[in-house]
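Close look at the chain arrangement
Residues per chain, in single letters:
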2 protein chains.
Amino acid sequence: MENVTIIGVGLIGASFGLALKHAGFRGRIAGVSSRPALEAALARGAIDTAQPLEEAVRAADLIYLAQPIRRILDTIPKLDPLLKPTALVTDAGSTKAEIVARARETLHGAQFLGGHPMAGKETRGAAEAEPGLFTGRTWVLTPSAPGELETPPARELIRWIRAIGAVPVILPPDKHDRVVAYTSHLPQLLATSLATTLAAEPAVCGCLEASGPGLVGALRLAASSYEIWGDILDTNGPAIAEALGAFISRLEEMRDGLGTARPAREFEIANAFAERLRR
Amino acid sequence: MENVTIIGVGLIGASFGLALKHAGFRGRIAGVSSRPALEAALARGAIDTAQPLEEAVRAADLIYLAQPIRRILDTIPKLDPLLKPTALVTDAGSTKAEIVARARETLHGAQFLGGHPMAGKETRGAAEAEPGLFTGRTWVLTPSAPGELETPPARELIRWIRAIGAVPVILPPDKHDRVVAYTSHLPQLLATSLATTLAAEPAVCGCLEASGPGLVGALRLAASSYEIWGDILDTNGPAIAEALGAFISRLEEMRDGLGTARPAREFEIANAFAERLRR
C-alpha cells in the first residue's frame, strides 16, 4: 500500500491520515474534500496533497471514504471506472447496510470492505484531528462474506487498523446496524428528546439553576448535529424504531411500577449492567 | 451560631462540616451517625465530636439533616422535644414536599427550613467529602412562607451557604419537586431504563465492544444506588410520573416521525437548549 486517498477530510478522515503517519506509514496520502477542509488537513499534516477525485482515486491503493453517509452513498458509484483492480475501498459511515448494498450494486472494479471506527469527539473538522483518536477504540469491519477479510489489501488494511491502536471487530452489516441502533442511536435520541421535553416546560426551564451535574452529562449528546444524524436516522430507520419501541415499553413499565417493587429490580439490573460495562 | 449538629455524616453531611470550617466557622461541629461514618468524618476532620442524638440536638444552634429522605422523615419528629427555641433545623433531602410537611406537622419547638444543595459525586461516604463540594452549586431553600427566610437563624444559615461558595435559590417545596422530577429524576430513570433495555437484548449485549464513548456517558447514572433513589421515587411519585409521561410522548413522536421532517426540528430545539444550558 503506497498511495492512500482520503475522501472527506473532517475529524475522522484527517485523524486517519495523522494516525497512519504516526504509525509509520511512509507512502503518500492524498485528500479529496472541500477547499477549507483540505486547507485545514494540509495545515494539520494529515494529508500530503489535495487532489481532484478522479486523479486521487486512479492512483490509490486504499480509498478511505470519511464523508457523511449520504455523501458516501453518492461517491461510491463514481469510483468504479477509476479504481485500480488491486485497490481496496473502505469507509467510516456510521450505518453499514445501505452503504454495503450500494457498493455491491455499483462497485465492480475493485474490492469494497465496509468499516466503522467507534471513535469521535464533540468537536468536528480537520483542525481537531488527532493521531490517537482511534487508540483503544473498536473498529468494526462489515464484510458480506468472511473471504473478504482474507484478500491481500484487506489483510493490509487490518494490519494498519491494529497499527494505529484500534481493535478490529467483525460484524455483518445488518447486525452492526441493529447493535448501534441500541448502543449509539438510542442514547442520542434520548438526549435529544430529554432536551426537547425540558424545553417544552416553561416552569422547569425557568428554574434550570435547580439542576445538578447529572443533567449536564445527560444532555451532552443534545448538542449533536443533524447534519450527521439526519443520514443515520434515514439509513437505519427500522432498527432505530425497534430500539425506541423497546425503550419506551421499559420506561412505561417503570412509570406504571412507581410505588411497587419494580424500580428496585430495575436499578439492580442497571447497576449490574453498568458494572459490566465498566470492566 | 456556635454549635452545629450534622445528623448523617456521609458525603454531603461531612462535606458541609469541612466547608463550614474552610469558610472560617470557629464553633463546634457535632456528628450523629453510624459508628463507621462517625469515624470516617472524625478522621477527615469534618466534625469535632461524635455524640448521641439527644445530647447533640440539645446543644445545637443549627441542626443539619443529611440522611437519606426516609431517615430524615423519621428523625424530624424525634427532634421536637430536644430543640432550643432559637435553633434552626434544615436538611439536604432531594425531595422537599413530604419533608416540609412532616416538619410542619411535628416540629413546633423551633424553626424548620428545607434545603437541597445541588451537589454530589459518583462516590459516597465521609471519606470522599470535600470542602469545595458546594462551590458554584445551587443550594435550593424551600420556605413554606417568605417570612421564614427573614428570621435571625435563617439569615445566618444563608450567610454561611454563601460563604461556602454555594448560590441560594428560593423555591416552594412543590415547585422544587416538580422541577427536579424533570431535571434530575427523569435523567436518572432514562439511564436506568437504557441499561435495562440493553441488558434485555442478548444480541446487542454480546457486541458491546461496538459502542462508542457516547454510551459510557449515557450510562453514567445507571450505577446510582437504589438506597438513595428508592426514597426519591417514593416521595415524588406523581411529579416523576408526569415527567416520564411527557418524555414518553416526545419519544413516541420521534419514533413515529422517523422519515419525516420532525427529527430535524427536534434536533434544532435540542441544539438550542444545549447551547442555552452551556451558558
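Residues numbered from 1 in each chain as written. Chains lettered and ligands numbered in written order. Predicted model: local features only at pLDDT ≥ 70, side-chain atom pairs only at ≥ 80, totals over all residues. Heavy atoms only, no water.

A few points about the packing of aromatic side chains
Residue and element names in this part refer to chain A. Basically, it comes down to this: Centres within 6.5 Å are what make two rings of Phe, Tyr or Trp a pair, Trp counting through its six-membered ring; a difference in plane orientation under 30 degrees is then read as stacked, over 60 as edge-to-face, and the rest as tilted. Put simply, DSSP marks the helices as runs of H or I at least four residues long and the strands as runs of E at least two long, and each gets a number from the N terminus on. Buried residues are those whose accessible area, probed at 1.4 Å on protein chains only, stays under 20% of the maximum for their type, while exposed residues exceed 50% and partly exposed ones sit between those limits.
Overall, the coordinates contain twelve aromatic pairs over all chains when judged by the stated rule. With a centroid separation of 6.0 Å and 45° between ring planes, the pair formed by tyrosine 64 and tryptophan 139 is classed as tilted. Taken together, the residues span a long stretch of sequence, with tyrosine 64 in strand S4 (residues 62–65) and tryptophan 139 in strand S7 (residues 138–142) at a distance of 75 residues. Residue tyrosine 64 is classed as buried on the basis of its relative accessible area of 0%. Members of the aromatic cluster, joined through ring pairs, are Phe16, Tyr64, Phe134 and Trp139.

Digging into the relation of the copies chain A and chain B
Short version of the rule: Least-squares fitting of one copy onto the other uses the C-alpha atoms of those residues that reach a pLDDT of at least 70 in both copies.
The transform that puts chain A on chain B rotates by 180° and translates by 0.0 Å along the axis, for an RMSD of 0.0 Å. Taken together, these values place the two copies in the relation of a two-fold axis.

A word on the interface of chain A and chain B
Test applied: Whether two residues touch is decided by their heavy atoms; if any such pair falls within 4.5 Å, the residues are in contact. Note on definitions: salt bridges are taken to be side-chain nitrogens of Lys or Arg within 4 Å of carboxyl oxygens of Asp or Glu. We define a polar contact as two N or O atoms separated by no more than 3.5 Å, with the added condition that, inside protein, one atom must be a possible hydrogen donor and the other a possible acceptor, whereas residues neighbouring each other in sequence contribute only through side-chain atom pairs. All amino acids are sorted into three groups, where Ala, Val, Leu, Ile, Met, Phe, Trp, Tyr, Cys and Pro are nonpolar, Asp, Glu, Lys and Arg are charged, and the leftover types, Gly among them, are polar.
Contacts between chain A and chain B engage 79 residues on the former and 78 residues on the latter. The tally of links from chain A across to chain B stands at two salt bridges. Note that glutamate 201 of chain A is salt-bridged to arginine 178 of chain B, the shortest N-O span being 2.7 Å. Here chain A and chain B share 14 residue pairs in polar contact (both at pLDDT 80 or more) between them. For the side of chain A that touches chain B, the secondary structure elements donating two or more residues are S7, helix H7 (173–199), helix H8 (202–205), helix H9 (213–218), helix H10 (226–235), helix H11 (237–256) and helix H12 (262–278) of chain A. In terms of residue count, H7 of chain A provides more of the side of chain A that touches chain B than any other element does, 19 residues in total. Classifying every residue of the side of chain A that touches chain B by side-chain character gives 50 nonpolar, 16 polar and 13 charged.

Overview of the sheet that holds S4 of chain A
Residue and element names in this part refer to chain A. Worth spelling out the cut-off: Only strands joined by at least two bridges in the DSSP assignment are considered to pair.
Judged by pairing direction, the sheet is mixed, and its eight strands sit side by side in the order S3-S2-S1-S4-S5-S6-S7-S8 without closing on themselves. Strands at the two margins of the open sheet, each flanked by one partner only, are strand S3 (49–50) and strand S8 (167–170). Here strand S1 (residues 3–7) runs beside strand S2 (residues 28–32); their pairing, made up of five bridges, is parallel. Paired with isoleucine 7 across the bridge in S2 is valine 32.

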